[in-house]
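Residue strings, one per chain:
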Amino acid sequence: MEIANVAQVANVPNIYYPYLTRIVDIVDETDDIRTFRLQFSNLPSGEKFKFRAGQFGLYSVFGYGEAVFCIASSPTREQYIECSFKKVGKVTSALRRLEVGDVVGFRGPYGNYFPLEDMVGSNLIFIGGGIGLAPLRSLIDNVLDLRSQFRDISILYGARSIKDLIYQEQLCEWSQRGDIDLVQTVDSLPATSTWKGKVGLIPQVLTTMNPSPENSWAIVCGPPIMIKYSIEVLRKLHFPANRIVTTLENRMKCGFGKCGRCNIGKTYVCKEGPVFRADELQNLPESDF
Ligand SMILES: Cc1cc2nc3c(=O)[nH]c(=O)nc-3n(C[C@H](O)[C@H](O)[C@H](O)COP(=O)(O)OP(=O)(O)OC[C@H]3O[C@@H](n4cnc5c(N)ncnc54)[C@H](O)[C@@H]3O)c2cc1C
Ligand code: FES
């Protein structure tokens, strides 16, 4: 009999039990960031796993625990999900020891998502820093699979150095498409580099790009300091606050509004986020995210 998740194996309805997924591909993005492609092992026959760009999940290594990552692949690519994770602690270290064929638990999808339908017919500018390209990539690939429904698409992606840029193969593909304007930047360069992109911090490069706010959405994701200054630049360029969206990464435990771990004031980031518009952020205490 096909089963939906471990809860159904045990015949115990428990919202904390994960689905089982199997690693079918591994890509080393940088020295400490790795991407897994995961296929669900136990969805009921004929059933597909559904999610929206911007949502996240809790990925588990049995015996070690769970960690929260966004789903980095597009919902339009239904045969698998992908996550990209940086090795920082217990669970991410255990994940790095896994190989193709090994099992990873997955709970989700959780949280809200990018307002894709509201963006139809608009220009889109994606602004990503470091591993912050992961949630953007889900939306970018989603939009590219529906390309005719959107106007101009620009991507500004930056990292500390060339070796910190993730998704290099995909960046190369995007740079070769005629229907995307891809700008890459690094904070600094070694003296003997053949780098053809920009050198400078993302908010500075964004200022020189000077994107028009006319019928445009900006989607920003990266380290909190980069998000803060990029939003400031976008506001100076007269992007309306309700057309700037970002994602927050407050620490989480349950993922669906039960434990109170992720809140900013009365707002549960796991339920009302992780995607927020800039006008919504203005109403949250800044010290909490
Ligand atoms: C909605 C959301 C989406 C995320 N998406 C990604 C993703 O796509 N890729 C990715 O690599 N990471 C992502 N993160 C962060 C990720 O959840 C943590 O890095 C991860 O849980 C660390 O697990 P660990 O057990 O290896 O580290 P731990 O052993 O728990 O901690 C190691 C160190 O990291 C710190 N830490 C742990 N979690 C966080 C956090 N949320 N914020 C700041 N510091 C933290 C700890 O204080 C400690 O210093 C996301 C977080 C959220 C909430
Ligand atoms: S993570 Fe438990 S309430 Fe948000």
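Residues numbered from 1 in each chain as written. Chains lettered and ligands numbered in written order. Predicted model: local features only at pLDDT ≥ 70, side-chain atom pairs only at ≥ 80, totals over all residues. Heavy atoms only, no water.

What about the environment of Gln 55?
As for its position among the elements, Gln 55 is in the loop between β2 (33-40) and β3 (56-61). In this view, Gln 55 contacts Cys 70, Ile 71, Pro 109, Tyr 110, Gly 111, Asn 112 and Tyr 113; residues no more than four positions away in its chain are not counted. A polar contact is formed between the side chain of Gln 55 and the backbone nitrogen of Arg 52, at a distance of 2.8 Å. Within the structure, Gln 55 has its side chain in polar contact with the backbone oxygen of Gly 111 (distance 2.9 Å). (Helix = DSSP H or I, 4+ residues; strand = E, 2+ residues; numbered from the N terminus. Contact = heavy atoms within 4.5 Å. Polar contact = N/O pair within 3.5 Å; in protein donor to acceptor, adjacent residues only side chain to side chain.)

Description of the pairing of strand β9 (residues 181-186)
Side-chain positions along a regular strand alternate between the two faces of the sheet. β9 sits mainly inside the fold: 5 of its 6 residues count as buried. As judged from the 6 bridges shared by strand β8 (residues 153-159) and β9, these two strands associate in the parallel manner. By the bridge assignment for β9, Ile 155 is matched with Leu 182. Taking the sense of rotation as the criterion, the β-α-β connection linking β8, helix α5 (residues 168-176) and β9 turns out right-handed. (Buried < 20%, exposed > 50% of the residue type's maximum accessible area, 1.4 Å probe, protein only. Pairing = 2+ DSSP bridges. Right-handed = clockwise from strand over helix to strand, strands pointing away.)

Points about the domain arrangement of the protein chain
Domain boundaries in the protein chain define domain 1 (6-110) and domain 2 (116-247). Taking the mean C-alpha position of each, domain 1 and domain 2 sit 26 Å from one another. On the side of domain 2, 18 residues touch domain 1, which itself brings 20 residues to the contact. Approximately 1,400 Å² of surface area, both sides summed, lies buried where domain 1 meets domain 2, with 49% of it carried by carbon and sulfur atoms. In this structure, the connection of domain 1 to domain 2 is made through 4 salt bridges. Here Glu 82 ties to Arg 137 by a salt bridge, and the two come within 2.9 Å at their closest N and O atoms. (Domains from an automatic or database assignment. Buried area = accessible area lost by both parts, 1.4 Å probe. Salt bridge = Lys/Arg side-chain N within 4 Å of Asp/Glu carboxyl O.)

Some words on the site of ligand 1
For ligand 1, the set of nearby residues contains 19 residues, the closest of which are Val 68, Ser 84, Lys 86, Thr 92 and Arg 251. Contact distances for ligand 1 include 2.8 Å between an oxygen atom and a backbone N or O atom of Lys 86. Between an oxygen atom of ligand 1 and a main-chain N or O atom of Val 91, the distance comes to 2.9 Å. When the free accessible area of ligand 1 is taken as 890 Å², the share hidden by the protein chains comes to 70%. Going through the elements one at a time, β4 (65-70), β5 (81-86) and α2 (90-96) are the ones with two or more residues in the shell around ligand 1. With 4 residues, the top contributor of residues to the shell around ligand 1 is β4. (Near = heavy atom within 4 Å. Areas by Shrake-Rupley, 256 points an atom, 1.4 Å probe, with all protein chains shown as cover.)

With respect to the packing of helix α6 (residues 202-209) against helix α7 (residues 224-236)
Contact geometry for α6 and α7: axes closest at 9 Å, N-to-C directions at 20°. In terms of axis orientation, α6 runs roughly parallel to α7. Judged by the twist between their axes, the crossing of α6 over α7 is right-handed. Contact residues: Ile 202, Pro 203, Leu 206 and Thr 207 in α6; Met 226, Tyr 229, Ser 230, Val 233 and Leu 234 in α7. Across the contact of α6 with α7, the residue classes tally to 7 nonpolar, 2 polar and no charged. (Axes fitted to C-alpha atoms, helices over the stretch in contact; angles between N-to-C directions. Parallel < 35°, antiparallel > 145°, perpendicular 65-115°, else oblique. Left-handed = near helix turned anticlockwise from the far one by under 90°. Nonpolar A, V, L, I, M, F, W, Y, C, P; charged D, E, K, R; others polar.)

As for a positive patch on the surface
Together, Lys 90, Arg 251, Lys 253 and Arg 261 make up a region of like positive charge exposed at the surface. By secondary structure assignment, the location of Arg 261 is in the loop between β12 (244-247) and β13 (263-264). (Patch = residues over 30% accessible without salt bridge, like charges linked within 9 Å, V, L, I, M, F, W, Y side chains within 5 Å. Lys, Arg positive; Asp, Glu negative; His and termini not counted. Charge placed at Lys NZ, Arg CZ, Asp CG, Glu CD.)

Comments concerning the sheet that holds strand β10 (residues 198-199)
One open sheet accounts for 7 strands, arranged β10-β9-β8-β7-β11-β12-β15; its pairing is mixed. Each edge of the open sheet carries a strand with a single partner, namely β10 and β15 (275-277). Here strand β11 (residues 216-221) runs beside β12; their pairing, made up of 3 bridges, is parallel. Bridging from a neighbouring strand, Val 220 pairs with Thr 246 of β12.

Some remarks on the nonpolar core
Counting residues in hydrophobic clusters, the biggest one holds 35 residues, and the most contacted among them are Phe 126, Leu 133, Leu 139, Trp 174 and Ile 219. Listing elements by their share of this core, those giving two or more residues are α3 (116-119), β7 (123-129), α4 (133-144), β8, α5, β9 and β11. Top contributing element to this core by residue count: α4, with 7 residues. Per-domain counts for this core show at least three residues from each of domain 1 (6-110) and domain 2 (116-247). Residue contacts for Trp 174: discarding those within four places in its chain leaves Leu 133, Arg 137, Ile 140, Asp 141, Leu 144, Ile 155, Ile 180 and Leu 182. Membership of the second largest hydrophobic core comes to 33 residues, among which are Leu 58, Val 205, Ile 231 and Met 252. (Core = buried A, V, L, I, M, F, W, Y, C linked by side-chain atoms within 4.5 Å.)

A look at the sheet that holds β3
If you trace the 6 strands from one edge of the open sheet to the other, you get β4-β3-β6-β1-β2-β5, paired in antiparallel fashion. Here the strands that pair on one side only, and so sit at the sheet edges, are β4 and β5. Neighbour-to-neighbour, the strand axes of the sheet open up by a mean angle of 40°, direction not taken into account. Of the strand pairs in this sheet, β2 and β5 are connected by 6 bridges, and their pairing is antiparallel. Note that in β5 the partner of Arg 37 across the bridge is Glu 82.

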